[in-house]
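Observations on the model geometry
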Amino acid sequence: MKIAVLPGDGIGTEIVAEAVKVLNVLGLKFEMEQALVGGAAYEAHGHPLPDSTLKLAKEADAVLFGAVGDWKYDKLDRPLRPEQAILGLRKNLGLFANFRPAICYEQLVGASSLKPELIAGLDILIIRELTGDIYFGQPRGRRVATDGHFPGAEEAFDTMRYSKPEIERIAHVAFQAARKRSKKVTSVDKANVLETFQFWKDVVTEVHAQYPDVELQHMYVDNAAMQLVKAPKAFDVVVTGNMFGDILSDEASMLTGSIGMLPSASLNTKNQGLYEPSHGSAPDIAGKGVANPLATILSAAMMLRFSLNQPDAADRIEAAVKKVLTQGLRTPDIYSEGTTRVGTREMGEAVVKALG
Ligand code: NAD
């Protein structure tokens, strides 16, 4: 089992170091190789995703990724910005299915801005299509308008598009994931306004015929955004396109109180995957030793389950995380009165200890 370890920038290096410690004590044999990515790779090699890093990622069974980015790179040309490394990895590895669980641990119910009764026991899974939609559709660019409300004015445009196979494969992923959970899928679209999402709805409905045991519900994205804060527990698996998924998965992550707790996985058709916390590089707290490493440690658990076929080891990590929370250990982002404030390293070491 080969794991490419790409810590990246900011808190990425601090949190990945803790996840690696956890992986090292499981008693499993991994080959782990580390490489630069993002701003760190730009500084060293002049590119956020150097060929050597991409080669390592392609050869590995899984990629454990920290985070990339820093405000100081915001003025670089877009292809050289750290965030482009993630897009490059998704594209080159064909990572089309993004899994973002939003789980509210009972010990952290108080950390959410929603009422405890709305989120206690919350466990939903947002599945976002990752390689299509308006984020990648061509043509795109800037030009002088020849029609519309202001002919002759400068304008910018993007193209929203989905092909049938793209929708079919993500729909299959969602229905299969639902079979392992409570057999309920909500497909989120904007079929009332967008041709692309009327097509999405039609194709998801067609694929659903192969999964009669799974309940399918369609919901417009604006309503989904409301329902997520009104009655989040009514959802189980949510499947949607790239842009709506980007926004809704961040909204869902906040239901749980801390982005520092939420893992994510992006998979291709061969179950090769990139595993990363849902948050960014947090330049505001980088180097201070206070970042919460649990999202990254839980991402490593997802990696063991989905790409490395080690479900027992994944269960062990998840149980260890629950144990440290029950012990009352908290990084500052999830701290509340009566609990014990710890730093990144102490939290990682507590998980290692809890593994027994
Ligand atoms: P962010 O997720 O880095 O930070 C948002 C807030 O959450 C900050 O206050 C931060 O301190 C806090 N936070 C994030 N992770 C935390 C953790 N593990 N523990 C405790 N607190 C945590 O988002 P941002 O500030 O909008 O972006 C910062 C940089 O990260 C930007 O350059 C952005 O482009 C990049 N980014 C990268 C990724 C990625 O690598 N996948 C994702 C999002 C943003």
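Residues numbered from 1 in each chain as written. Predicted model: local features only at pLDDT ≥ 70, side-chain atom pairs only at ≥ 80, totals over all residues. Heavy atoms only, no water.

**Some remarks on the overall build of the protein chain**
In plain terms, the rule: Only DSSP runs of H or I covering at least 4 residues are called helices, and only runs of E covering at least 2 are called strands; the numbering of each starts at the N terminus. By definition in these notes, contact holds between two residues if any of their heavy atoms fall within 4.5 Å. In short, Shrake-Rupley with a 1.4 Å probe defines the accessible areas, and a residue's cover is counted only from the protein chains shown.
If you tally the helices and strands in the protein chain, you get 12 helices and 14 strands. With the principal axes as the frame, the protein chain shows a C-alpha extent of 65 × 50 × 40 Å. Across the protein chain, every contact between residues at least 6 apart in sequence was considered, and the portion connecting residues at least 24 apart equals 75%. When the accessible surface of the protein chain is totalled, it reaches about 16,100 Å², and 52% of it is carbon and sulfur.

**Side note on the pattern of salt bridges**
For the record, the criterion: Salt bridges are identified by distance alone: a Lys or Arg side-chain nitrogen within 4 Å of an Asp or Glu carboxyl oxygen. Here's how the labels work: a residue is buried when its accessible area is under 20% of the maximum for its type, exposed when over 50%, partly exposed in between, all with a 1.4 Å probe on protein chains only.
Applying the stated criterion across every chain, the model contains 17 salt bridges. With its nearest N and O atoms 3.4 Å apart, the salt bridge here joins K21 to E349. With a gap of 328 residues between them, K21 in helix 1 (residues 12–24) and E349 in helix 12 (residues 344–354) connect regions that are remote in the sequence. Classification of K21 as partly exposed rests on a relative accessible area of 29%. Of the charged contacts in the structure, one is a salt bridge between D222 and K190, with a shortest N-O distance of 3.1 Å. Separated by 32 residues along the polypeptide, D222 in helix 8 (residues 221–230) and K190 in the loop between strand 8 (184–189) and helix 7 (195–208) bring together distant segments of the chain. Given the relative accessible area of 42%, D222 is considered partly exposed. A cluster of three or more residues bridged by salt bridges with shared partners is formed by K2, E31, E33, K55 and E59.

**Describing helix 7**
Selection criterion: Each helix should span, by expectation, one fewer than its residue count multiplied by 1.5 Å. Along the arc lie the directions from the helix axis toward the C-beta atoms.
In this model, helix 7 (14 residues) spans 20 Å end to end at C-alpha, consistent with the 20 Å of a helix rising 1.5 Å per residue. Regarding helix 7, the residues found buried are T196, F197, W200, V203, V204, V207 and H208. Buried residues along helix 7 cover an arc of 140 degrees about the axis, so they all sit on one side. Elements in contact with the buried residues of helix 7: strand 5 (123–129), helix 6 (164–179), strand 8, strand 9 (215–220), strand 10 (237–240) and helix 9 (242–255).

**Some points on the domain arrangement of the protein chain**
What counts, and what does not: Where each domain begins and ends follows an automated or database-derived domain assignment. The term buried area refers to how much accessible surface (probe radius 1.4 Å) is lost by two components on association, counted for both of them together.
Parsing the protein chain into structural domains produces domain 1 (1–96 + 268–356) and domain 2 (115–262). Placing a centre on the C-alpha atoms of domain 1 and another on those of domain 2 gives a separation of 25 Å. Contacts between domain 1 and domain 2 engage 15 residues on the former and 13 residues on the latter. Summed over both partners, the interface of domain 1 with domain 2 comes to about 1,300 Å²; 67% of that surface belongs to carbon and sulfur atoms. Together, R90, F96 and S278 form the three largest contributors to the area buried by domain 1 at its contact with domain 2, with a combined 48%. Counting across the domain 1 and domain 2 interface gives 0 salt bridges.

**Some words on the packing of aromatic side chains**
For clarity, the cut-off: Between 30 and 60 degrees the pair is tilted, below 30 it is stacked and above 60 it is edge-to-face, where a pair is any two Phe, Tyr or Trp rings, Trp via its six-membered ring, whose centres lie within 6.5 Å.
Overall, the coordinates contain 7 aromatic pairs when judged by the stated rule. Seen in terms of ring centroids, F99 and F306 are 5.2 Å apart; in terms of plane orientation they differ by 50 degrees. Their pairing is tilted. Residue F99 is found in strand 4 (residues 97–103), and its partner F306 is found in helix 10 (residues 294–306); the two are separated by 207 residues along the sequence. Aromatic side chains F197 and W200 sit 5.5 Å apart centroid to centroid with 35 degrees between the ring planes, which places their arrangement in the tilted category.

**Comments concerning the sheet that holds strand 10**
So the rule is basically this: DSSP bridges decide pairing: two strands pair if at least two such bridges lie between them. Interaxial angle, 0 to 180 degrees, is taken between N-to-C directions of lines fitted to C-alpha atoms, where a helix line uses only the stretch in contact.
One open sheet holds the 10 strands; their spatial order is 2-1-3-12-11-4-5-10-8-9, and the pairing between them is mixed. The two strands at the open ends of the sheet, each matched to only one other strand, are strand 2 (31–34) and strand 9. Across the sheet, the mean angle from the axis of one strand to that of its neighbour is 20 degrees, orientation sign disregarded. Bridge count between strand 1 (residues 2–8) and strand 2: 4 bridges; the pairing is parallel. By the bridge assignment, K2 is partnered in strand 2 with E31. Packed onto the sheet, helix 9 meets strand 4, strand 5, strand 8 and strand 10 and runs at close to 155 degrees relative to strand 5.

**Observations regarding the environment of S112**
Structurally, the position occupied by S112 is in the loop between strand 4 and helix 5 (116–119). For the pair formed by S112 and L122, sequence separation is 10 residues and the distance between their alpha carbons is 11 Å. Among all residues touching S112, those that are not within four sequence positions of it are I119, M254, L255, T256 and G257.

**Some points on the site of the ligand**
Here is the rule we go by: Residues are counted as near a molecule or strand when any one of their heavy atoms sits within 4 Å of it. Following the grouping adopted for this structure description, the nonpolar residues are Ala, Val, Leu, Ile, Met, Phe, Trp, Tyr, Cys and Pro, the charged ones are Asp, Glu, Lys and Arg, and the polar ones are all others, Gly among them.
Near the ligand you find 21 residues, and of these V68, E83, G280, A282 and D284 are the closest. For the ligand, the protein covers 71% of the area, taking 810 Å² as the surface of the free molecule. For the shell around the ligand, the residue count by class is 10 nonpolar, 6 polar and 5 charged.

**Examining helix 12**
For helix 12, the complete set of buried residues consists of T344, M347, G348, A350, V351 and A354. Projected down its long axis, helix 12 carries its buried residues within an arc of 160 degrees, all on one side. Pointing more than 90 degrees away from the buried face of helix 12 are the exposed residues R345 and K353. Directly after helix 12, the chain includes G356, whose backbone phi takes a positive value near 80 degrees.

**Overview of the packing of helix 1 against helix 12**
The condition that has to hold: Oblique is the label for any angle not covered by the other classes, which are roughly parallel (under 35 degrees), roughly antiparallel (over 145) and roughly perpendicular (65 to 115). By convention the crossing between two helices is left-handed if the near helix lies anticlockwise of the far one by an angle smaller than a right angle, and right-handed if it lies clockwise.
Closest axis-to-axis distance for the helix 1/helix 12 pair is 9 Å, and the angle between their directions is 15 degrees. Taken together, the axis directions place helix 1 and helix 12 in an arrangement best described as roughly parallel. Seen from above, helix 1 lies across helix 12 with right-handed handedness. For the pair helix 1 and helix 12, the contacting residues are E14, I15, E18, K21 and V22 in the first and T344, R345, G348, E349, V351 and V352 in the second. Its residues assigned to classes, the contact of helix 1 with helix 12 comprises 4 nonpolar, 2 polar and 5 charged.

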